Structures are given as C-alpha cells and as structure tokens.
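Coordinate inspection notes
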Amino acid sequence: MMRPAPVLSTTAPASPDLERMRRAGAGDAAAQAWLMAQVISRVRRIARAFLRTSADADDAAQLALLAILESAATYRGEAAVEAWARRIAVRTVLRYARQQRRDGAPVAPESAIDEELVDTPRQRPGEALPREVREYLDGLPEAQRDVIILHHALDYSIEEIAGMTEVSPDTVKSRLRLGIGALRKQVRQDIAVGRKRAS
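Notes on the structure follow. Please read all numbers here as calculations on a predicted model, not as lab measurements. (Residues numbered from 1 in each chain as written. Predicted model: local features only at pLDDT ≥ 70, side-chain atom pairs only at ≥ 80, totals over all residues. Heavy atoms only, no water.)

Looking at the nonpolar core
Within the largest apolar cluster, 52 residues are counted, with the highest numbers of intra-cluster contacts made by L35, F50 and I68. Residue assignment for this core shows that the elements contributing at least two residues are α1 (16–25), α2 (29–50), α3 (54–71), α4 (81–102), α6 (133–138), α7 (142–153), α8 (158–165) and α9 (169–192). Beyond its immediate stretch of four places on either side in the chain, L35 contacts M21, A24, I68, L69, A72 and V81. (Core = buried A, V, L, I, M, F, W, Y, C linked by side-chain atoms within 4.5 Å. Buried < 20%, exposed > 50% of the residue type's maximum accessible area, 1.4 Å probe, protein only. Helix = DSSP H or I, 4+ residues; strand = E, 2+ residues; numbered from the N terminus. Contact = heavy atoms within 4.5 Å.)

So, in structure tokens, the structure goes:
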C-alpha cells in the first residue's frame with residue numbers, strides 16, 4: 001500500500017528581516033531599536049545633504065526616522081531593509097526641505113557636501129571653484145538640484161533615484177544632464193568675469 005505524498009508548503013518561511021520588521025511594525029521595542037540601528041546613519045547623511053543648519057537636518061532626520069517606524073508594518077521584503085528605508089527617508093527629507101524653502105528658510109547642502117561634490121579624484125590639485133558648490137546648486141531648479149545631490153553626493157544610482165523621487169529613469173537622466181550643464185555654465189561665467197571665492 002502506497003503512502004500519500006507529503007503536502008509541501010507553498011509559503012516560504014519569513015526572512016529574519018521580514019520577521020523583525022513585522023515586530024517593529026507591531027510596536028516591539030527591540031525590533032524598533034534594531035531597525036533604527038540599521039538606518040540611522042544613512043538617514044542622517046541624507047538630511048545633512050539637503051539642509052543647511054544642523055538643527056534643520058536633525059529635525060528632518062527625526063521626521064524620516066518616525067516615518068520609517070510608522071511604515072515598518074508595510075515592509076514586504078521585496079527589497080533590503082536599508083533600500084526600503086532610504087526611499088522613505090529621501091521622500092520625507094525632500095518634503096521637509098521644500099517646505100523650508102517655501103517658508104523662506106535657507107536650505108542648501110552643508111559644506112561637507114561641497115567637499116563630496118567637488119573634491120573627487122577627477123579634480124586636479126589646486127583647482128577650485130569661484131564660489132562654493134552650494135551657491136551654484138541654489139541657482140538650479142529644485143528637481144535638478146535634488147537629483148544632483150542624490151547622485152553625486154550620496155552615490156545613488158539612476159534607478160534608485162527614480163524610485164525615490166517617483167519619476168522615470170529617463171527623467172532623472174534629463175534632470176542630471178540639464179543640472180550639470182547649468183552648473184558648468186555658472187562656473188564658466190564666474191571664471192570669465194574673474195570671480196574669486198571669498199576667503
């Protein structure tokens with residue numbers, strides 16, 4: 001007499017990260033602490049890239065961390081926790097930065113972002129811009145400035161930026177191309193008139 005074949009489960013066991021995220025979404029303090037430890041340094045870096053003052057960057061980072069915690073229950077394991085959280089953080093920080101700009105607050109990258117954007121291996125020793133990078137970025141349309149910071153200062157790929165900003169990769173590429181072109185034009189104009197960076 002033949003035995004019936006065992007019934008195989010069609011549902012894979014939840015990954016450890018997915019289980020932790022479910023617990024974090026349910027309010028488990030240990031799981032929430034684990035989630036914050038995974039994302040806090042990246043969230044702070046994103047906030048510092050878009051806000052000029054430390055106080056504003058801290059506020060934006062705190063809002064982003066809260067948004068991540070509040071969304072933990074929606075995590076489905078389709079991307080790494082860090083990538084999932086990064087998208088929420090970028091959207092939250094960009095909303096905060098745009099509101100600050102509408103309210104007239106000074107919003108621009110910190111000097112640390114100047115260094116990340118300018119001080120690259122491609123830069124020749126002694127080469128310096130007539131103005132700080134943040135001043136040039138302030139002269140760009142918001143959408144172009146945002147993708148330049150995300151791509152060149154924070155090292156996100158075109159596809160990642162498209163997901164974070166909810167536009168197509170082609171739109172991201174276009175904004176990057178136009179933004180970089182506008183930056184180069186500003187620099188050329190400053191060099192042509194002999195502008196020097198204030199000491």
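Comments concerning the packing of aromatic side chains
For the structure on display, the rule yields one aromatic pair. Taking the centre distance of 5.5 Å and the plane angle of 75° together, the rings of Y75 and W84 count as edge-to-face. Each member of the pair Y75 and W84 is classed as buried. (Phe/Tyr/Trp six-rings, centres within 6.5 Å; stacked < 30°, edge-to-face > 60°.)

What about the pattern of salt bridges?
Within the structure shown, the criterion is met by seven salt bridges. Between D17 and R20 there is a salt bridge, with its nearest N and O atoms 3.1 Å apart. Remark: R20 and D17 occur in helix α1; sequence separation between them is three residues, near one turn of the helix. You can call D17 partly exposed: its relative accessible area is 29%. The class for R20 is partly exposed, based on a relative accessible area of 29%. In this structure, E19 and R22 form a salt bridge, with 3.8 Å as the shortest nitrogen-oxygen distance. With E19 and R22 both in helix α1, this residue pair falls three residues apart, about one helical turn. Within the structure, one salt-bridge network assembled from shared partners comprises R98, E142 and D146. (Salt bridge = Lys/Arg side-chain N within 4 Å of Asp/Glu carboxyl O.)

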